[in-house]
Structures are given as C-alpha cells and as structure tokens.
Amino acid sequence: MTADAPLLPRSTAIAQRLRWVSESGSTNADLLAAATADSAQWPHFSVLLTDTQVAGRGRLDRAWSSPSGSGLAISLLIRPAGKLPMGSYGWLSLLAGTAMAEAVNSRLSAAGVAPDARVKWPNDVLVAGKKICGVLAEITADASVVIGTGINTAMTAEQLPVDTATSLAVLGADPDADALLHAYLTTFAELYDALVASGGDAEASGLRRRVEARCDTLGRSVRVELPGGRFRFGRAERLDRDGRIVILDTETGERDTVSAGDITHLRTQD
Ligand code: BT5
C-alpha cells in the first residue's frame, strides 16, 4: 500500500489480497497484466483499487472518467477456471452489478435516502435512471476474469462527467469507501460461491432471482444497439440460462437473444 492509502480494514479482511495504488491508468489493465505475469501473487479474490484512475476503460473502446478522489476504480480478480463452465461467465457482470447495486443501497439507506439502485443490463448500476457505476469484465488467457467497477463516490454535481451520471455524494449519501467495498465484496462472494457450488447454474444458485429482483431492464420496451451498429427494438422479456437477454419483437413475435449490446430504455413500462 502507498503512504496515502485510506484505511480499508473490513475490505482488507475479506479480500484474499487488497492493493491500493495512489494512481493507475486503468486498474483493469494493471490487474490483467499482473495476474497473468505472476499468478501466485494474485490469487482468486484479489482486489486492486485506486481513487485516481487516469485512463479508465469502458466497453467498446469508450472511456470511464472520474476526477481524482471523486470515485473508486475497483478491479476484482476471480479464477473460475475448472469451477464454472464458460457458458456461465455471462452472469459475472450481472452478478457484480447486482452486488454493487446492493452495496449502493446500503449507503443510501444509511443516509435515509430511498435505496433504489437498479441494474441496467448488462453492466450499469443506475439510481433514479442515472449511472452511478459501470462494470467491465475482461478475461485473461488462462480464463481468469478481472471485473472492474467504476463507482462515483465523492463526486460533486460539478464533477459529473456526463449529465446521465450521478454519485453517492450527489444523492446525499456518505461515500465511505470501506463500508461500500466491504458490502460489495461480501455480496459478490456470497453470490459467486453459490454459483460455483451449483456448477454454474444461475437458477439453482439463486443468482437469477437476485439479478432479476434488481434488473431495471426486464419488462421494458428497449432499443438494443448490437456490436457493429445494428439495432433491435422490442420488449426485454427475460434472461436466458447464460445471462443473455431475450428481446421479443412485439410486432413480428420474433425473439432475439443478445449477449452484448447497448440498451436504451424507451419508456417506463411496456
Ligand atoms: C462502462 O462502460 O460503464 C464500464 C466502466 C468500467 C470502469 C471500471 S473502473 C475500474 C476498471 N478499470 C477500468 O479501466 N475500467 C473499469 P460503458 O458501458 O461503455 O460506459 C461508458 C460510458 O459511460 C461513457 O461513454 C460515458 O458516457 C459514461 N461515463 C463515463 N464515465 C462515467 C462516470 N464516472 N459516471 C457515469 N457515467 C460515465
């Protein structure tokens, strides 16, 4: 740890390894490289984090931006090889988003603010329709996964990078890093361990139920932008066994199963 690292005793106790750095280009990029170069030093459930990430990555070459000190960039390494079938990896972003939504809700509740953080498929955590956290899961050559979460904590209204963003501070909650991270890691471990125990079966492990309870996308009319720029319109009907979203075209009755894409919620309810 660096000299100016905040004290994170509860989070340190639950992580296998927790390393705070004073600055990172991208904690995902750094942890992917470190975990591949020296796997013994980075066991399952290692965490690399900072409050100053200067080249944060979003999906599809987009950027994640957060002025120094205004958010946390958290990368969590998991090593599911031999424990989870590859087909179930699609649940991991949703699992992380659900764990973070519940952690955000615990901070909101503690401040007396309505705890209504929701997961937007596949990788956003929203409060009142605004993005407080984005998730980026990246896989290593040995089928380990680095799950990055960017969470806006102390970010002021003036610091919000886009007008679709919000933060714990803007919502009136105490952005206590240790409480937030501990809650996230605890729920993540609970859901992940249950998924492993059920051989990757999200239904049997209860993961599907937890994700669906938090998911803001299901039941809505959506526009899906698929990789490559094509669009689908329809109702987000359900999640399939691998965490992909099934879109029903209500005019033709045809269904599309989508594993990656950007969703726009078209209106509140269909
Ligand atoms: C994401 O991508 O939302 C994934 C973000 C993952 C960031 C974490 S931080 C730790 C780890 N290390 C990394 O380098 N990355 C991960 P995407 O769905 O593509 O959304 C990106 C879009 O979100 C941008 O194009 C902006 O519109 C918006 N955005 C950028 N910064 C934001 C912020 N701080 N809060 C809310 N929205 C933001």
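Everything numeric in this text was worked out from a predicted model, so none of it was measured. Throughout this description, residue numbers start from 1 for each chain and increase along the sequence as written. Residues qualify for local features only when their pLDDT is at least 70, as the model is predicted, and side-chain atom pairs are given and counted only at 80 or more; totals for whole chains, interfaces and linings, by contrast, use all residues. Here the side-chain values reflect all heavy atoms present in the structure, with hydrogen atoms and water set aside.

**Some thoughts on the UniProt feature "domain: BPL/LPL catalytic" (unreviewed entry) in the chain**
We apply this condition: UniProt positions are given in the numbering used here, feature names are shortened, and annotations may be inferred rather than shown by experiment. For the purposes of this entry, the term helix denotes a DSSP run of H or I that reaches at least four residues, the term strand denotes a run of E that reaches at least two, and both are numbered from the N terminus.
The positions that UniProt labels "domain: BPL/LPL catalytic" (unreviewed entry) are, in the present scheme, residues 13-196. The span residues 13-196 carries 29% helix and 26% strand; its end-to-end C-alpha distance comes to 22 Å.

**Observations concerning the site of the ligand**
Rules: The criterion for a residue being near a molecule or strand is simple. One of its heavy atoms has to lie within 4 Å of it. N or O atoms closer than or at 3.5 Å make up a polar contact, with two conditions inside protein: a donor-capable atom paired with an acceptor-capable one, and, for residues adjacent in sequence, both atoms drawn from side chains. In short, Shrake-Rupley with a 1.4 Å probe defines the accessible areas, and a residue's cover is counted only from the protein chains shown.
Not every one of the 28 residues close to the ligand is listed here, only the nearest: Ser26, Arg57, Arg62, Ser65 and Lys131. Residue Ser26 places a side-chain N or O atom 2.6 Å away from an oxygen atom belonging to the ligand. Contact between the ligand and Lys131: an oxygen atom at 2.8 Å from a side-chain N or O atom of the residue. Starting from 790 Å² of accessible surface for the ligand in isolation, the protein chains cover 91%.

**Structural notes on empty space enclosed by the protein**
Inclusion rule: Cavities and pockets were defined on a 1 Å grid built from protein atoms only: a cavity is a group of points that admits a 1.4 Å probe but offers it no way out, a pocket is an open group of points flanked by protein on both sides within 12 Å along at least five of seven lines, and a lining residue is one with an atom within 4 Å of any such point. Grid points are joined across faces, edges and corners, and a volume is the space filled by probe spheres set on the points. Gly falls in the polar group here, along with every residue not listed as nonpolar (Ala, Val, Leu, Ile, Met, Phe, Trp, Tyr, Cys, Pro) or charged (Asp, Glu, Lys, Arg).
The tally for this structure, following the rule as stated, stands at one cavity of 30 Å³ or more. Here the largest cavity is characterised by a volume of approximately 60 Å³. If you trace the largest cavity, you find it lined by Thr50, Asp51, Thr52, Gln53, Trp64, Ser66, Gly71, Leu72, Ala73, Gly150 and Ile151. For the lining of the largest cavity, the secondary structure elements donating two or more residues are strand E5 (71-78) and strand E9 (145-152). Among the residues making up the lining of the largest cavity, the classes are represented as four nonpolar, six polar and one charged.

**A few points about the packing of helix H3 (residues 91-110) against helix H4 (residues 177-197)**
To keep things clear, this is the line we draw: Simply put, an axis is a line fit to the C-alpha atoms, just over the touching stretch for a helix, and the angle between two N-to-C directions goes from 0 to 180 degrees. Roughly parallel covers angles under 35 degrees, roughly antiparallel covers those over 145, roughly perpendicular covers 65 to 115, and oblique covers all other angles. Each helix crossing is assigned a hand: it is left-handed if the near helix lies turned anticlockwise from the far helix by less than a right angle, otherwise right-handed if that turn is clockwise. Note on contacts: a residue pair is in contact if any heavy atoms of the two residues lie within 4.5 Å.
Interhelical geometry of H3 versus H4 gives an angle of 140° and a closest axis separation of 8 Å. By the angle between their axes, H3 is oblique relative to H4. Note that H3 runs across H4; the crossing there is right-handed. Residue-level inspection shows Leu92, Leu95, Ala96, Thr98, Ala99, Met100, Glu102, Ala103, Val104, Ser106 and Arg107 of H3 in contact with H4, the latter providing Ala179, Leu180, Ala183, Tyr184, Thr187, Phe188, Leu191, Tyr192 and Leu195.

**Topic: the nonpolar core**
Most often, soluble globular proteins have nonpolar side chains that are buried together. The criterion, for reference: In these notes, a set of buried Ala, Val, Leu, Ile, Met, Phe, Trp, Tyr and Cys residues joined through side-chain atoms within 4.5 Å is what counts as a nonpolar core. To sort residues, take the accessible area from a 1.4 Å probe on protein chains only and compare it with the maximum for the residue type: under 20% means buried, over 50% means exposed, and anything in between is partly exposed. The split of the chain into domains comes from an automatic or database domain assignment.
If you look at the biggest cluster of nonpolar residues, it comprises 61 residues, and the most contacted ones within it are Met100, Val104, Tyr184 and Phe188. Tallying contributions element by element places H3 first for this core, with 11 residues. Counting the residues that make up this core, at least three belong to each of domain 1 (2-213) and domain 2 (218-265). Once you skip the residues sitting within four places of it in the chain, Tyr184 turns out to touch Ile74, Leu76, Ala96, Ala99, Met100, Ala103, Ile147 and Thr149. Among the nonpolar cores identified, the runner-up in size contains eight residues, and Leu31, Ala35, Trp42 and Leu48 belong to it.

**Comments concerning the domain arrangement of the chain**
Put simply, the test is: Defined here as a combined quantity, buried area equals the accessible surface (1.4 Å probe) lost by two parts on assembly, summed across both. Salt bridges are defined as contacts in which a side-chain nitrogen from Lys or Arg sits within 4 Å of a carboxyl oxygen from Asp or Glu.
Taken domain by domain, the chain comprises domain 1 (2-213) and domain 2 (218-265). Its C-alpha centre places domain 1 at a distance of 25 Å from the equivalent point of domain 2. Taken together, the contact between domain 1 and domain 2 spans 13 residues of the former and 15 residues of the latter. Around 1100 Å² of area is buried between domain 1 and domain 2 when both sides are counted, 55% of it from carbon and sulfur atoms. Counting the surface domain 1 buries against domain 2, the share from its top three residues, Trp91, Lys120 and Trp121, is 51%. Summed over the shared surface of domain 1 and domain 2, the number is two salt bridges. In this structure, Asp262 engages Arg62 in a salt bridge whose closest nitrogen and oxygen atoms are separated by 2.9 Å. Summed over the shared surface of domain 1 and domain 2, the number is seven residue pairs in polar contact (both at pLDDT 80 or more). Counting only elements with at least two residues in the side of domain 1 that touches domain 2, the list comes to H3 and helix H6 (207-214). Element by element, the count of residues in the side of domain 1 that touches domain 2 is highest for H6, at three residues. Tallied by class, the residues present in the side of domain 1 that touches domain 2 amount to six nonpolar, two polar and five charged.

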